[in-house]
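Listed below are the residues making up each chain.
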Amino acid sequence: MQKISAIFFLVVTCLFFSGCYHNKYSHGLVNNTVIIHEADTLSRHGVRHYGRNYNFVIKRDSLILLRQQPEESISNMHTDSIVLYKGNHLVVADFRIMPSDRVDSVWVQVARDQHTFGWVHQTLLLQSVVPDDPISQFISVFSDTHTLIFLFLISLIAISYMLHHIFKSGAKVVHFNDIDSVYPALLATIIAASATFYSSIQLFAADMWQQYYYHPSLNPFTLSPILALFVSSVWAMIVVSLAAVDDIFNKLPFGQALLYLGGLAGVCAANYIVFSISTIYYIGYPLLIAYICFAAYRYVKYNHFRYICGACGHRLSHKGRCPYCGAMND
């Protein structure tokens, strides 16, 4: 009961602080959105989710800005440029629509400081920067192809190591030779469902996700129902992770607990990669249903102990002779 109270207090505290989140980038925006009304020959007009005074951070090695006006570059006139580097903070100063530009009709003027500013194509800018917000930066990192490949390799190594211990030493592993705790299996299932939901939002509500990416919040009560559900699933991951770690170290020796956590991390990483990618091709939905049924079956069949041996105190899945001490339990 004390564990449940502590977890509940932690969740309430986190929600309280996340509710105080202040969007410092809303200056110069109308309802946090700027709409381009000018004619655009490349059909890039529509909703832009950032506006003047919005802050970015350069994530690529460098970004080249044009010192002169965009018309001079389009006319092939002699121009100067300035190079900014990774980690530099930028603020959006102005926009220009250039219908005659065949590369990108939208130009954005950004400034590093009062003396360092210039113009860049919007497509190049958005490929080179990330919003100056920790939530947006976290989303950017976990959406990066290199990160997915790294997670895939780590999960592959962890799962291979886990399977080796299963067949050789009978080590405890989630879903297979699991411990008597619902939290590890529940955590892996939540991550699989959240990854599926994450890809679904990008598939069917891309504009909503872009709006959230540029103006994020961890408070589900200030978001639309779909985004609120996704953010709630993130909070559920955090709460269940804490409960799982606590339960694992209570039920396993320290060394075995570390091995079990490594295997659990590998399964969770694999779930994130498999379900986030497979959902893009609509395979993730039946796969998720099958995975939930598999996880529930394995837990109820092999890891849900309803009885305790009256002689030795070991937990039993059914009545009868105890496999540990041989005593009969009726």
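Not measured: the values here are computed from a predicted model.

Caption draft 1: How the structure looks around the pattern of salt bridges. Summed over all chains, the structure comprises four salt bridges. For Asp94, the salt bridge is made with Arg52, and the minimal N-O distance between the two is 3.0 Å. With a gap of 42 residues between them, Asp94 in strand β6 (residues 89-97) and Arg52 in the loop between β2 (47-48) and β3 (55-58) connect regions that are remote in the sequence. Overall, the relative accessible area of 23% leaves Asp94 in the partly exposed class. For Arg52, a relative accessible area of 40% gives the class partly exposed. Here Lys251 ties to Asp247 by a salt bridge, and the two come within 3.5 Å at their closest N and O atoms. With a gap of four residues between them, Lys251 and Asp247 both fall in helix α8 (residues 225-251), about one helical turn apart. A relative accessible area of 39% places Lys251 in the partly exposed class.

Caption draft 2: Structural context of the packing of aromatic side chains. On inspection of all chains with the given rule, the structure shows 16 aromatic pairs. The structure contains a cluster of three or more aromatic residues connected by ring pairs, namely Tyr50, Tyr54, Phe56, Phe95, Tyr213 and Tyr214. A cation over an aromatic ring shows up here: Arg96 above the ring of Trp119, its NZ or CZ 5.8 Å from the ring centre.

Caption draft 3: Representation of the environment of Val57 within the structure. In this structure, Val57 sits in strand β3. Its relative accessible area of 12% is what places Val57 among the buried residues. Setting aside anything within four residues of it in sequence, one finds Val57 in contact with Gly87, Asn88, His89, Ser128, Val129, Val130, Asp132 and Gln137.

Caption draft 4: How the structure looks around the environment of Tyr297. You can see Tyr297 is positioned in helix α10 (residues 284-303). Taking C-alpha positions, Tyr297 is 9.2 Å from His175, a pair spaced 122 residues apart along the chain.

Caption draft 5: Geometry of the packing of helix α6 (residues 183-204) against helix α9 (residues 254-278). Packing of α6 against α9 brings their axes to within 8 Å, and their N-to-C directions diverge by 20 degrees. The orientation of α6 relative to α9 falls into the category roughly parallel. Note that α6 runs across α9; the crossing there is right-handed. Within the contact between the two elements, α6 uses Pro184, Leu187, Ala188, Ile191, Ala192, Ala195, Thr196, Tyr198 and Ser199 and α9 uses Tyr260, Leu264, Val267, Cys268, Asn271, Tyr272, Phe275 and Ser276.

Caption draft 6: Highlighting the pairing of β3. Inspection of the sheet shows β3 paired to β6 by three bridges, in the antiparallel sense. Following the sheet pairing, Phe56 is matched in β6 by Leu90. The pairing of β3 with strand β9 (residues 129-131) spans three bridges and is classified as antiparallel. Counterpart to Ile58 in the pairing with β9 is Val129.

Caption draft 7: Layout of a nonpolar patch on the surface. Residues Leu203, Phe204, Val274, Ile277, Ile280, Tyr281, Tyr282, Ile283 and Leu287 make up a contiguous nonpolar surface patch of roughly 880 Å² in combined accessible area. Sorting the residues of the nonpolar patch by element identifies α6 and α9 as the ones contributing at least two each. Tracing the chain through its elements places Val274 in helix α9. A residue is classified by how much of its surface remains accessible, and Val274, at 40% relative accessible area, is partly exposed.

Caption draft 8: Examining the environment of Asp246 more closely. Here Asp246 lies in helix α8. Judged by relative accessible area, Asp246 falls into the partly exposed class, the value being 33%. Asp246 sits 63 residues away from Tyr183 along the chain, and the two C-alpha atoms are 9.7 Å apart.

Caption draft 9: Quick look at the nonpolar core. Tyr50, Leu90 and Leu125 are the most contacted members of the largest nonpolar core, which has 57 residues in total. It is α6 that provides the largest number of residues to this core, a total of nine residues. For Leu125, the residues in contact, after removing those within four places along its chain, are Tyr50, Leu63, Leu90, Val108, Val110 and Val120.

Caption draft 10: Local environment of unusual backbone geometry. In this model, Asn76 sits at a positive phi of 60 degrees, which is unusual for a non-glycine residue. Here Asn76 lies in the loop between α2 (70-74) and β5 (81-85). Phi is positive for Tyr282, which is not a glycine, with a value near 65 degrees.

Caption draft 11: Just the packing of α8 against α9, in detail. At their nearest, the axes of α8 and α9 sit 8 Å apart, and the two run at 145 degrees to each other. Handedness of the α8/α9 crossing: right-handed. On α9, the residues touching Val245, Ile248 and Phe249 of α8 are Phe254, Ala257, Leu258, Tyr260, Leu261 and Leu264. Of the residues contributing to the contact of α8 with α9, the split by class is nine nonpolar, no polar and no charged.

About the thresholds
- Residues numbered from 1 in each chain as written.
- Predicted model: local features only at pLDDT ≥ 70, side-chain atom pairs only at ≥ 80, totals over all residues.
- Heavy atoms only, no water.
- Salt bridge = Lys/Arg side-chain N within 4 Å of Asp/Glu carboxyl O.
- Helix = DSSP H or I, 4+ residues; strand = E, 2+ residues; numbered from the N terminus.
- Buried < 20%, exposed > 50% of the residue type's maximum accessible area, 1.4 Å probe, protein only.
- Phe/Tyr/Trp six-rings, centres within 6.5 Å; stacked < 30°, edge-to-face > 60°.
- Lys NZ or Arg CZ within 6 Å of the ring centre and 35° of its normal.
- Contact = heavy atoms within 4.5 Å.
- Axes fitted to C-alpha atoms, helices over the stretch in contact; angles between N-to-C directions.
- Parallel < 35°, antiparallel > 145°, perpendicular 65-115°, else oblique.
- Left-handed = near helix turned anticlockwise from the far one by under 90°.
- Pairing = 2+ DSSP bridges.
- Patch = residues over 30% accessible without salt bridge, like charges linked within 9 Å, V, L, I, M, F, W, Y side chains within 5 Å.
- Areas by Shrake-Rupley, 256 points an atom, 1.4 Å probe, with all protein chains shown as cover.
- Core = buried A, V, L, I, M, F, W, Y, C linked by side-chain atoms within 4.5 Å.
- Nonpolar A, V, L, I, M, F, W, Y, C, P; charged D, E, K, R; others polar.

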